[in-house]
Amino acid sequence: MRPPVFGVAVVHGISMLPSLRPGDRLLIRYGARPRPGHLVVVRLPNRPVGVKRAFQRVHGGWDVRSDNVAAGTDSRIFGPIPDDDVIAVVLSRVWPPQLMRRSG
C-alpha cells in the first residue's frame, strides 16, 4: 500500500494571520518540493506540527517564517527545519469556501 499523496491540514493558532486563520482547512501534497514563498507543513522542534512559510533554502534545510511575527515562532527562534521535517506543501485553502485561493 502506497502512502497518501494528498491530505488535509487544519490550521490552529494565529501565527499565520492574516494569510491563514484558525479553522482553515488546507489541501496539502506530501513529499512535494517547496520553493521560497510556499506555505509548508513542518515538524517543529519541541512543538506540534505547524504551517509556516518557506522563506529561503539554507544549508541543511529551510528557513521558515510565521506571517504574524508578533504571535509566531519560526526559524528566527529555532533555526532551519531539516528537509526531512518538511512534511508537505500547501496547495490551497479548501475551507471556508469564501476564502479559497492558491497558497504561496
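Residues numbered from 1 in each chain as written. Predicted model: local features only at pLDDT ≥ 70, side-chain atom pairs only at ≥ 80, totals over all residues. Heavy atoms only, no water.

With that settled, the discussion passes to the overall build of the protein chain. Counting its regular elements, the protein chain contains 1 helix and 6 strands. For the protein chain, the succession of helices and strands along the chain, N to C, is β-β-β-β-β-α-β. What you see for the protein chain is a C-alpha radius of gyration of 13 Å, in line with the 13 Å of a compact globule of 104 residues. Across its three principal axes, the protein chain shows a C-alpha extent of roughly 40 × 35 × 25 Å. Expressed as a percentage of the 104 residues in the protein chain, the buried residues total 41%. Within the protein chain, contacts between residues separated by at least 24 positions form 50% of all contacts whose residues are at least 6 apart in sequence. As displayed, the protein chain offers around 6,400 Å² of accessible surface, 56% of which is attributable to carbon and sulfur atoms. Averaging the coordinates of the 16 positive side-chain charges in the protein chain and doing the same for the 7 negative ones gives two points 7 Å apart. (Helix = DSSP H or I, 4+ residues; strand = E, 2+ residues; numbered from the N terminus. Rg over C-alpha atoms; globule rule 2.2 N^0.38 Å. Buried < 20%, exposed > 50% of the residue type's maximum accessible area, 1.4 Å probe, protein only. Contact = heavy atoms within 4.5 Å. Areas by Shrake-Rupley, 256 points an atom, 1.4 Å probe, with all protein chains shown as cover. Lys, Arg positive; Asp, Glu negative; His and termini not counted. Charge placed at Lys NZ, Arg CZ, Asp CG, Glu CD.)

Our focus in this paragraph is the pairing of strand 5 (residues 61-65). By the criterion of burial, strand 5 is predominantly enclosed, with 5 of the 5 residues buried. Looking at chain direction, strand 4 (residues 50-58) and strand 5 are connected through 5 bridges and run antiparallel. Note on strand 5: the bridge partner recorded for Val 58 is Gly 61. If you look at the hairpin formed by strand 4 and strand 5, you'll find 2 residues sitting between the two strands, and Gly 60 has a positive phi there, around 90°. (Pairing = 2+ DSSP bridges.)

The predicted model of the protein chain averages 92 in pLDDT, with 93% of residues at 70 or higher. Confidence, expressed as mean pLDDT per element, reaches its minimum in the protein chain at helix 1 (residues 75-78) with 94 and its maximum at strand 3 (residues 39-42) with 98. (pLDDT = per-residue confidence, 0-100.)

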